[in-house]
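# Secondary and tertiary structure notes
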Amino acid sequence: MNVRELALDTLLAIEQKGAYSHLQLNEAIQKGRLDGRDAALLTEIVYGTVQRRDTLDYYLAPFLRKARRLEPWVRVLLRLTLYQMVYLDRVPDRAAVFEAVEIAKRRGHRGIASLVNGVLRAIGREGLPSIEAVDDAGKRLALATSHPEWLVRRWIQQYGYEEAARMCETNLRPPQSTARVNRLRATVEEALERLRAEGMQAIPGHVAPEAIRAEKGNLAHTETFRAGWLTIQDESSMLVARALDPAPGERVLDCCAAPGGKTTHIAERMDGRGEVVAVDIHERKVMMIEQQAKRLGLDNVATLALDSRRLGERFAPESFDRVLVDAPCTGFGVIRRKPEIKYTKGKDAIAALVEIQQAILRAAAPLLKKGGTLVYSTCTVEREENEEAIARFLADHPDFFLDASLAERMPEPVRPHVKGGMLQLLPHHFDSDGFFIARLRKKV
Ligand SMILES: C[S@@+](CC[C@H](N)C(=O)[O-])C[C@H]1O[C@@H](n2cnc3c(N)ncnc32)[C@H](O)[C@@H]1O
């Protein structure tokens, strides 16, 4: 099957079945047995078309006024072709239009092929409608960066126009491949050397001392990864175990642990001594934690499938030195990686998640020893799920307080973003995921 046709099927699965783009893409690359070049083109077209969906629809709208009800596949075909015409310099417009018309002929009938041809050629002739002409600044930003208007307005209210605009623009850029070096196996320098020997262009991370970045290629496809020297993880996410700061020999509870990125980081930082109890609600995902721990050579990880709102039924009060709640959240800090979530998650998702986050915190709090540390983190930028969640928890739990030592525990460049024991990173700060981290202590 050709790349554009695979792109069409992949995009339809994402839109109609609610499939995650990265999983659907991997499946398509394997199914189509694509070589590196075609896989890269498919990835670019699929991610780009999802990322720019609303902008593309705005561009298409005036040319579709006369079209009667459009079948979903035809709209997706128009979007992915227009994406190539507008954003991909290396694909000549004529080639993109030709391919689209051929696909329309194969899938539909002559009428559809001629509609596709007519719309795309008219755009080529007449040009795109201007977004600058839109009066309202919030609406303009939403359209130009293809985010839902309600979300953009929320971000403007929370962070101001400038920060919101930078966040929206950064969300359109593909993320670099980053990984954490397993300090029980190698130093960052040794890992970089091994990767370079494998032909990878890798450099140290921007903020996390244990991070490396690939300037090109995927670190997960290297021997260095397979040998258990690396874990694929974003740099912001690496700051969570640093905030928790576990010591060798301690007992640590990770309440929302799958697929194990932070559990294994914590276990590495404990030099493989003591115990990390990794809990997740999904049995299948718990197995992923076990696989990762095994690959990394860590034997201080115990796993359990359990709803963490019911932790009290399984664990004794004050039985852990440290607790991590890396809570389920809207994920609006990782839109670069999962672009479809900006369209699928609405305001009601925030409200529902806020209740789950509080319930997990409530269940986890009694299990922490007096004087112990609790870290709460999310990969979102919503204050309701972050600062406000902490304020609500503290109001209900006077035996906890925010630990101002978080700033000094963070790498130097991150410190200005820490405020009173809480850290909110936005994607454009360090070209990493948007993340929230709060460090709390239980009174002695
Ligand atoms: C942000 S992800 C965790 C990522 C993980 N800490 C890592 O670093 O790899 C949130 C996890 O919480 C789990 N989860 C959701 N609701 C839960 C609940 N009530 N109890 C336990 N785990 C839950 C999800 O299955 C998901 O794996």
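Residues numbered from 1 in each chain as written. Predicted model: local features only at pLDDT ≥ 70, side-chain atom pairs only at ≥ 80, totals over all residues.

### Remarks on the nonpolar core
- Counting residues in each nonpolar core, the largest one holds 86 residues, and the members touching the most others are Cys255, Val323, Val325 and Ala364.
- When near neighbours in sequence (up to four residues on either side) are disregarded, Ala364 contacts Leu253, Cys255, Ser308, Leu311, Val323 and Val325. (Core = buried A, V, L, I, M, F, W, Y, C linked by C-beta atoms within 7 Å. Buried ≥ 20, exposed ≤ 12 C-beta atoms within 10 Å, placed from the backbone. Contact = placed C-beta atoms within 7 Å.)

### A closer look at the site of the ligand
- Surveying the vicinity of the ligand reveals 19 residues, the closest of which are Cys256, Gly261, Lys262, Ser308 and Asp326.
- Residue assignment for the shell around the ligand shows that the elements contributing at least two residues are α14 (261–269), β6 (275–280) and α17 (347–364).
- Residues belonging to the shell around the ligand are distributed by class as follows: 9 nonpolar, 4 polar and 6 charged. (Near = placed C-beta within 6 Å. Helix = DSSP H or I, 4+ residues; strand = E, 2+ residues; numbered from the N terminus. Nonpolar A, V, L, I, M, F, W, Y, C, P; charged D, E, K, R; others polar.)

### Considerations on the pairing of strand β9 (residues 368–378)
- Extensive coverage of β9 is indicated by the burial of 8 of its 11 residues.
- Two elements, strand β8 (residues 320–326) and β9, share 6 bridges in a ladder whose sense is parallel. Within β9, the residue paired with Arg322 across the bridge is Thr373.
- In this sheet, strand β13 (residues 435–442) lies alongside β9 in antiparallel orientation, the contact comprising 6 bridges. From the neighbouring strand, Val375 faces β13, where its bridge partner is Arg439. (Pairing = 2+ DSSP bridges.)

### Focus on the confidence of the model for the protein
- The predicted model of the protein has a mean per-residue pLDDT of 95, with 100% of residues at 70 or higher.
- The ipTM, which scores confidence in the relative placement of chains, is 0.99 for this predicted complex, and the corresponding pTM is 0.95. (pLDDT = per-residue confidence, 0-100.)

### Some details on the UniProt feature "domain: SAM-dependent MTase RsmB/NOP-type" (unreviewed entry) in the protein
- In this numbering, the UniProt entry assigns the feature "domain: SAM-dependent MTase RsmB/NOP-type" (unreviewed entry) to residues 167–443.
- End C-alpha atoms of residues 167–443 are separated by 37 Å, and the span's content is 32% helix alongside 23% strand. (UniProt positions renumbered as here; feature names shortened; annotations may be inferred.)

### Topic: the sheet that holds strand β1 (residues 177–181)
- The strand order across the open sheet formed by 4 strands is β2-β3-β1-β4, and the pairing between neighbours is antiparallel. Each edge of the sheet is formed by a strand with only one pairing partner; in this case those strands are β2 (202–204) and β4 (230–232). Averaged over all adjacent pairs, the angle separating strand axes in this sheet is 35°, with direction ignored.
- Sheet analysis places β1 next to strand β3 (residues 211–214), joined by 4 bridges and oriented antiparallel. Directly across from Thr178, in β3, lies its bridge partner Arg213.
- Sheet contacts for helix α11 (residues 188–197): β1, β2, β3 and β4; angle to β2, the most-contacted strand, approximately 165°. (Axes fitted to C-alpha atoms, helices over the stretch in contact; angles between N-to-C directions.)

### Here we look at the packing of helix α1 (residues 3–17) against helix α3 (residues 36–51)
- Look at α1 against α3: their axes get within 10 Å of each other, and the N-to-C directions meet at 40°. Taken together, the axes of α1 and α3 are oblique relative to one another. The element α1 and its partner α3 pack so that their crossing is right-handed. Residues Val3, Leu6, Ala7, Thr10, Leu11 and Ile14 of α1 touch α3, and the partners they reach there are Asp38, Leu41, Leu42, Ile45, Val46, Thr49 and Val50. (Parallel < 35°, antiparallel > 145°, perpendicular 65-115°, else oblique. Left-handed = near helix turned anticlockwise from the far one by under 90°.)

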